[in-house]
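Below, each chain spelled out in residue letters.
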Amino acid sequence: FTLGSMILDSGDFLYIHPTEENGSRWSKMKLAPMIRGMAEARRLFPEKSRDGANSVLFKERIDRRGAIQIAGANSPAGLSQVSMPRQVQDDLAKWEMNAAGDPETQADTRSWGYEFAKIFKISTPMVVPGCRITKSFEAGSQEYPEVPCPHCDAFQVLEWSNMQAQLEEAAPEKAHFTCVECGAEIQEHHRPGMLSRLRWVARKPQMMRQHRSFWLWCAYSPLQSWEGIARRWFAAKGDAAGEQVFLNDVAGLPYRSADQAVEWEALRDRASESDYPKGQIPAGGLLVTIGVDCQADRVEWQVVTWGRDFR
């Protein structure tokens, strides 16, 4: 997004990290190699410094038609006195308040002067409530990656809870998913074929024109094996801090501590959006239970279908 914008749509670009130190490290270890690896980028951003046009935190096009400014969210000075049609807010969940207040709002205002500005917010989630990237994702179109079952062709999201229910601590190499429709096993060797037909499905399609948001986690990446994911989970299991790191960095999920109750409205909304047809036991359901709570003015009940390993 960064170099593509600079090459195809010349203009100023703001890239913001949690701190200026993070920005300097990114510039040296990621941006510089990307520029060296793209012929057109090398032509626009020659490595030889001239008149301050090429420094660690400032990269100006050789034709002076735009520049990349790298800033830290911890520094209000880096988020002022500039107007940017394009920007990236990286590691957003790790941003903390600075001396001037909320850095995310400060950064957003840098693009208010452009009607068709693009702001790319990206991060692993952290702790909820209060996670910036989770809040931004939920406010957007909430697009999830669906892939087809290799057995029945039913499209579905590969969710961590699905894999977790199938894991065997003595055999992490057997990590797999089960189809939510037919209940068949989805093995890792099925992944390439499924990914070739991946589609993004929005939970809030009305927001696609204004604010698009996407979610993805390691199980979709060809750089990560499902066995490796299982081993990381077993290494972290039982340790609250380790489980938080796993859920954030591997499963792409915000962490909610055990003493925090889920808002009932969130459960209601999630249930209303469920793909499970009413009155039909989902695939893999082995036992159905019903719990009844008698109140003074009503009786409330909950029906649960249980699968293997208490899923």
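So, a few notes on the structure that sits alongside this text. (Residues numbered from 1 in each chain as written. Predicted model: local features only at pLDDT ≥ 70, side-chain atom pairs only at ≥ 80, totals over all residues. Heavy atoms only, no water.)

**A few points about the environment of Asp-275**
Next up, step 1: Mapped onto the fold, Asp-275 is located in the loop between helix H10 (264–272) and strand S11 (287–294).
Next up, step 2: For the pair Asp-275 and Gln-156, spaced 119 residues apart in the sequence, the C-alpha separation amounts to 9.6 Å. (Helix = DSSP H or I, 4+ residues; strand = E, 2+ residues; numbered from the N terminus.)

**Digging into the pattern of salt bridges**
Next up, step 1: Applying the stated criterion across every chain yields a total of 18 salt bridges.
Next up, step 2: Here Arg-43 and Glu-40 are joined by a salt bridge, their closest N and O atoms 2.9 Å apart. A residue pair is termed a helical-turn pair when its members lie 3 or 4 positions apart in one helix, as Arg-43 and Glu-40 do in helix H3 (residues 39–44) at three residues.
Next up, step 3: Salt-bridge contacts for Glu-143 lead to Arg-212; the nearest nitrogen and oxygen are separated by 2.9 Å. Within this pair, whereas Glu-143 is found in strand S6 (residues 143–148), its partner Arg-212 is found in the loop between strand S10 (199–202) and helix H8 (226–236), the two being separated by 69 residues in sequence.
Next up, step 4: Judged by relative accessible area, Arg-212 falls into the partly exposed class, the value being 46%.
Next up, step 5: Several salt bridges share partner residues, and in doing so they unite Asp-102, Glu-104, Asp-108, Lys-121 and Arg-132 into one network. (Salt bridge = Lys/Arg side-chain N within 4 Å of Asp/Glu carboxyl O. Buried < 20%, exposed > 50% of the residue type's maximum accessible area, 1.4 Å probe, protein only.)

**Quick look at the pairing of strand S1 (residues 13–17)**
Next up, step 1: Of all five residues making up S1, five are buried, and the element is well covered by its neighbours.
Next up, step 2: Taking every second residue as pointing to the same face, both faces of S1 are buried, with Phe-13, Tyr-15 and His-17 on one and Leu-14 and Ile-16 on the other.
Next up, step 3: Summarising the sheet, S1 and strand S3 (residues 67–72) pair through five bridges and their orientation is parallel. Across the sheet, Tyr-15 pairs through a bridge with Ile-70, a residue of S3.
Next up, step 4: Pairing between S1 and strand S4 (residues 86–90): four bridges, direction parallel. Among the inter-strand pairings, Leu-14 is bridged to a residue of S4, identified as Gln-87. (Pairing = 2+ DSSP bridges.)

**Some remarks on the packing of aromatic side chains**
Next up, step 1: Using the criterion set out here, one finds 12 aromatic pairs in the structure.
Next up, step 2: Aromatic pair Trp-200 and Phe-214: ring centres 5.2 Å apart, planes at 85°, arrangement edge-to-face. With Trp-200 in strand S10 and Phe-214 in the loop between S10 and H8, the pair connects residues that are 14 residues apart, well separated along the chain.
Next up, step 3: A relative accessible area of 37% means that Trp-200 is categorised as partly exposed.
Next up, step 4: For Phe-214, a relative accessible area of 44% translates into the label partly exposed.
Next up, step 5: The structure contains a cluster of three or more aromatic residues connected by ring pairs, namely Trp-160, Phe-177, Trp-217, Trp-226, Trp-233 and Phe-246.
Next up, step 6: The cationic tip of Arg-199 hangs over the ring face of Phe-155; the distance from NZ or CZ to the ring centre is 3.9 Å.
Next up, step 7: Between the NZ or CZ atom of Arg-203 and the centre of the ring of Tyr-144, over which it lies, the distance is 4.0 Å. (Phe/Tyr/Trp six-rings, centres within 6.5 Å; stacked < 30°, edge-to-face > 60°. Lys NZ or Arg CZ within 6 Å of the ring centre and 35° of its normal.)

**Some details on the nonpolar core**
Side chains of nonpolar character tend, in soluble globular proteins, to be buried together.
Next up, step 1: Counting residues in hydrophobic clusters, the biggest one holds 30 residues, and the most contacted among them are Trp-160, Trp-217, Trp-226, Ile-229 and Phe-246.
Next up, step 2: Listed by contribution, the elements that provide at least two residues to this core are S6, helix H6 (160–166), H8 and helix H9 (240–249).
Next up, step 3: Among the elements that take part in this core, H8 stands out by supplying six residues, more than any other.
Next up, step 4: Once residues within four sequence positions are removed from consideration, Phe-246 is found in contact with Trp-160, Ile-229, Arg-232, Trp-233, Ala-236 and Ala-251.
Next up, step 5: Among the nonpolar cores identified, the runner-up in size contains 14 residues, and Ala-73, Leu-79, Ala-93 and Cys-131 belong to it. (Core = buried A, V, L, I, M, F, W, Y, C linked by side-chain atoms within 4.5 Å. Contact = heavy atoms within 4.5 Å.)

Everything listed here is a matter of coordinates, which is why it stays silent on function.
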